[in-house]
Amino acid sequence: MPHRLPNPTLKSDLPDAETVTAVRHWTDKLFSFRVTRPKSLRFRSGEFVMIGLLGDNGKPLLRAYSIASPNWDEELEFYSIKVPDGPLTSRLQHIQAGEQIILRPKPVGTLVLDALLPGKRLWFLATGTGIAPFASLMRDPDTYYRYDQVIMMHTCRTKAELDYGRQLVASLKDDPLIGEMVAGHLRYYPTTTRETSDHMGRITDNLTSGKVFADLGLPAMGRADDRAMVCGSLAFNHDVKAVLEGFGLREGANSEPLEYVVEKAFVGDGI
Ligand code: FAD
Ligand code: A2P
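Bear in mind the structure is a predicted one, so any value in this text is a computation, not a measurement.

A.B. asks: Just checking my understanding: could you explain the layout of surface pockets for this structure?
C.D. replies: One way to see where empty space is left: roll a probe the size of a water molecule over the atoms. By volume, the largest pocket is sized at about 1700 Å³. Forming the walls of the largest pocket are 47 residues, and the residues nearest its centre are I81, T129, S233, A265 and F266. Those elements that provide at least two residues to the lining of the largest pocket are β4 (60–66), β5 (75–81), α2 (132–137), β8 (149–156), α6 (203–208), β10 (226–232), α8 (234–246) and β11 (260–264). A class-by-class count of the residues in the lining of the largest pocket yields 21 nonpolar, 14 polar and 12 charged. Structurally, the lining of the largest pocket is a two-domain feature, drawing no fewer than three residues from each of domain 1 (2–108) and domain 2 (113–262).

A.B. asks: Explain the site of ligand 1 to me, please; I cannot follow it from the model alone.
C.D. replies: Taken together, 21 residues surround ligand 1, and among them A64, Y65, Y79, T89 and T129 come closest. S66 is positioned such that a nitrogen or oxygen atom in its backbone is 3.2 Å from an oxygen atom of ligand 1. Contact between ligand 1 and P87: an oxygen atom at 3.4 Å from a main-chain N or O atom of the residue. Starting from 870 Å² of accessible surface for ligand 1 in isolation, the protein chains cover 83%. Counting atoms within 2 Å of the grid points, the majority share of ligand 1 lands in the largest pocket. Contributing elements (two or more residues each) for the shell around ligand 1: β4 and β5. No other element matches the 4 residues that β4 contributes to the shell around ligand 1.

A.B. asks: I would appreciate a short explanation of the site of ligand 2 in the present structure.
C.D. replies: If you check the shell around ligand 2, you find T127, T155, C156, R157, T193, R194, R202, T204, A235, F236 and D239 and nothing else. Note that an oxygen atom of ligand 2 is positioned 2.7 Å from one of the side-chain N or O atoms of R194. Here D239 contributes a side-chain N or O atom positioned 2.8 Å from a nitrogen atom of ligand 2. For ligand 2, the accessible surface in isolation is 560 Å², of which the surrounding protein chains cover 79%. Elements that contribute at least two residues to the shell around ligand 2 include exactly β8 and α8. If one sorts the elements of the shell around ligand 2 by residue count, α8 sits on top with 3 residues. Looking at the shell around ligand 2, its residues break down into 3 nonpolar, 4 polar and 4 charged.

A.B. asks: Help me out: how do you make sense of the sheet that holds β10 in this one?
C.D. replies: Strand order in the open sheet formed by 5 strands is β9-β8-β7-β10-β11, and the pairing between neighbours is parallel. In the strand order of this sheet, the two ends are held by β9 (186–192) and β11, each with one partner. Each strand of the sheet is rotated relative to its neighbour by a mean of 10°, with strand direction disregarded.

A.B. asks: Sorry, what's going on with the nonpolar core here?
C.D. replies: As a rule of thumb, nonpolar side chains are buried together in soluble globular proteins. Core analysis: the largest hydrophobic core is formed by 33 residues, its most contacted members being F124, F134, M138, M152, L186 and M229. Residues lining this core come from more than one domain, with at least three contributed by each of domain 1 (2–108) and domain 2 (113–262). The contact partners of M152, leaving out residues within four places of it in the chain, are F124, A126, I131, F134, M138, L186, R187, Y188 and Y189. Counting 21 residues, the second-largest nonpolar core is a separate cluster that includes L218, M221, V243 and L249.

A.B. asks: Where do I start with the environment of N206 in this structure?
C.D. replies: In this structure, N206 sits in helix α6. Classification of N206 by relative accessible area gives buried; the value is 4%. Leaving out residues up to four positions away in the same chain, N206 has contacts with M153, Y189, T191, M200, G201, K211 and V212.

A.B. asks: Sorry if this is basic, but what is going on with the domain arrangement of the protein here?
C.D. replies: Size of an interface: often given as the accessible area lost when the parts come together. Along its sequence, the protein is carved into domain 1 (2–108) and domain 2 (113–262). Inter-centroid distance (C-alpha atoms) of domain 1 to domain 2 is 26 Å. Of the residues lining the interface, 20 residues belong to domain 1; the matching set on domain 2 comes to 20 residues. At the boundary of domain 1 with domain 2, total buried surface from both sides reaches about 1600 Å², with 58% on carbon and sulfur atoms. The largest contributions to the domain 1 side of the interface with domain 2 come from W26, W72 and Y79, which together make up 37% of the buried area.

Criteria and cut-off values
Each chain has its residues counted from 1, running along the sequence as written. For this description, chains carry letters from A and ligands carry numbers from 1, given in the order in which they are written. Selection of residues for local features in this predicted model requires a pLDDT of at least 70, selection of side-chain atom pairs for listing and counting requires 80 or more, and totals for whole chains, interfaces and linings are taken over all residues. Hydrogens and water molecules were not included; the side-chain quantities draw on all heavy atoms of the structure. In this analysis, the protein atoms alone were mapped onto a 1 Å grid. Cavities are point sets where a 1.4 Å probe fits without being able to get out; pockets are open sets with protein on both sides within 12 Å along at least five of seven lines; lining residues have an atom within 4 Å of a point. Grid points are joined across faces, edges and corners, and a volume is the space filled by probe spheres set on the points. Strands here mean DSSP runs of E at least two residues long; helices mean DSSP runs of H or I at least four residues long; both are numbered from the N terminus. Put simply, Ala, Val, Leu, Ile, Met, Phe, Trp, Tyr, Cys and Pro go in the nonpolar bin, Asp, Glu, Lys and Arg in the charged bin, and everything else, Gly too, in the polar bin. Domain extents, as shown, originate in an automatic or database domain assignment. Whether a residue is near a molecule or strand is decided by its heavy atoms; if any one of them lies within 4 Å of it, the residue is near. Think of a polar contact as two N or O atoms within 3.5 Å of one another; within protein, one of them needs to be a possible hydrogen donor and the other a possible acceptor, and neighboring residues in sequence only count if both atoms come from side chains. Note on areas: Shrake-Rupley with a 1.4 Å probe; residue coverage comes only from the protein chains shown. Think of it this way: a molecule belongs to a cavity or pocket when more than half its atoms come within 2 Å of the grid points there. In this description, strands pair whenever DSSP reports at least two bridges between them. In this analysis an axis means a line fitted to C-alpha atoms, helices contributing only their contacting stretch, and an angle means the value between N-to-C directions, from 0 to 180 degrees. Buried Ala, Val, Leu, Ile, Met, Phe, Trp, Tyr and Cys residues form a nonpolar core when they are joined through side-chain atoms within 4.5 Å. To sort residues, take the accessible area from a 1.4 Å probe on protein chains only and compare it with the maximum for the residue type: under 20% means buried, over 50% means exposed, and anything in between is partly exposed. We call two residues contacting when some pair of their heavy atoms lies within 4.5 Å. As used here, buried area is the combined drop in accessible area, with a 1.4 Å probe, of two parts when they are placed together.

So, in structure tokens, the structure goes:
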């Protein structure tokens, strides 16, 4: 069934309808898509919005989604899981270019540069679709104005699940706006945990063992120079927080910038 919302031209009926411009499937569980951007939407890279479809009862069925595109992009990009029985994504995964979604243009979130103190290095720590906010921040020139080194650690079970991030990072060097900024300043450290690849292991283990610092030729994390943003499952976020606190970093917020910030990539079963 095509997802053309009723009366798409009647903006007064559906002020939050946006049109899908492109869809790409990465695995049987992951896809990304782009939509038109509401002219009035301003957001800070790293923030999320509510998006969705009309439910069978005619009411909007909305979920939180990190905006994966940078704030200068004319369109909006999202990177999504496909939950087989998920109320939204069991349908959203079939969306096609030309169809419409609902997008509430009220961006919020903690993964913003303003919530961190200045420093030398900024670490992005993500599992699974938790890379989405960093797909935005990695493309924001402000990230490179503020930090000399940016390190993207992304961990998934398999290599195929890393592809979205891998291709994005690879494309940045040819990007006319930020290609020069990322050269030599963005380090990418993808790992898998259930399939053999060049770098293996959980982010928590690679930080506590010091392996990632040795591999990248960097000093161990410390409060003076390092800042971090975290986005993954509740269990991942919980465990990474303990690791970061062990390095002396403290959790910050918009109202009180400190050394690290955390956002849920999704809310787990039963929580
Ligand atoms: P739901 O009923 O929402 O979820 C069913 C179950 O599926 C959950 O209990 C959980 O076990 C699992 N699940 C849900 N989302 C994920 C996920 N992303 N990865 C792994 N397992 C998951 N999802 C995205 O795909 N991309 C995003 O950028 C994104 N950003 C989010 C930002 C925030 C702040 C929050 C709170 C959630 C975000 N989510 C994101 C999750 C999203 O809101 C929905 O949960 C997801 O789209 C599934 O919706 P659903 O209705 O199909 O299933
Ligand atoms: P692992 O394979 O060792 O569980 P999931 O698909 O379950 O959301 O996990 C995504 C990735 O995050 C996997 O590579 C998984 O590693 C890793 N992961 C899951 N939970 C944690 C945690 N508590 N701490 C560190 N890494 C985690």
